[in-house]
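Architecture at a glance
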Amino acid sequence: MPTFTRLAAALIYGVLALYAAERYKLLYDTPPQLGQASLFMAIVGGYVGWAFVGKRINGAMLHSIFQALQGVIVTILAGLTLYGIAEVFRLGYRMRYRNLYEAVRGFFDIVTEYLLRMADPGFVGMLAAMAVGAGLVLTLFWRWAEARRFK
């Protein structure tokens, strides 16, 4: 059921995913200039906010922060999974992989490369702070917008 909290979660997660994707580029020695990955992560973040986080938020602050943290993890994993699959198909058309085993291994190599680069303590701290902030904001929003429905 569409609610204001789900809409707010979609918007918040879309913006936070866009910001995190732009900050991720700074982890490279020479940051890439392409904006497609950032836009892609914003779309994935918005979807996760709508489908996963928004419907699980309630008035309990700690519960909502935990759900927001799970949402950040799901956004990262979903984005990397979809990107990895697309990259394997792109490289497969260029005949980089000879068989299915090499393609699957290539997928895990791509995902692992991104996850290892994300393991920077500053970046992980930023993601955790974003999750806590999103949880707090969404809890307050739920208390304002949704609680009156249940009176």
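Here, every reference points to the structure presented above.
Thresholds, definitions, all that
- Residues numbered from 1 in each chain as written.
- Predicted model: local features only at pLDDT ≥ 70, side-chain atom pairs only at ≥ 80, totals over all residues.
- Heavy atoms only, no water.
- Axes fitted to C-alpha atoms, helices over the stretch in contact; angles between N-to-C directions.
- Helix = DSSP H or I, 4+ residues; strand = E, 2+ residues; numbered from the N terminus.
- Parallel < 35°, antiparallel > 145°, perpendicular 65-115°, else oblique.
- Left-handed = near helix turned anticlockwise from the far one by under 90°.
- Contact = heavy atoms within 4.5 Å.
- Nonpolar A, V, L, I, M, F, W, Y, C, P; charged D, E, K, R; others polar.
- Salt bridge = Lys/Arg side-chain N within 4 Å of Asp/Glu carboxyl O.
- Buried < 20%, exposed > 50% of the residue type's maximum accessible area, 1.4 Å probe, protein only.

The angle between the axes and the distance between the axes are what describe a pair of packed helices. Their axes nearest at 10 Å, the elements helix α1 (residues 4-25) and helix α5 (residues 121-145) cross at an angle of 165°. As summarised for this structure, α1 and α5 are arranged roughly antiparallel, according to the angle between their axes. In the crossing of α1 with α5, the sense of the turn from one axis to the other is right-handed. Residues Phe 4, Thr 5, Ala 8, Ala 9, Ile 12, Tyr 13, Leu 16, Tyr 19, Ala 20, Arg 23 and Tyr 24 of α1 touch α5, and the partners they reach there are Phe 123, Met 126, Leu 127, Met 130, Ala 134, Val 137, Leu 138, Phe 141, Trp 142 and Ala 145. Across the contact of α1 with α5, the residue classes break down as 19 nonpolar, one polar and one charged.

Applying the stated rule across the entire model yields three salt bridges. With its nearest N and O atoms 3.2 Å apart, the salt bridge here joins Lys 25 to Glu 22. One end of the pair is Lys 25 and the other is Glu 22, both in helix α1 and three residues apart, which spans about a single turn. A salt bridge links Arg 98 to Glu 102; its shortest N-O distance comes to 2.9 Å. With relative accessibility at 18%, the residue Glu 102 sits in the buried group.

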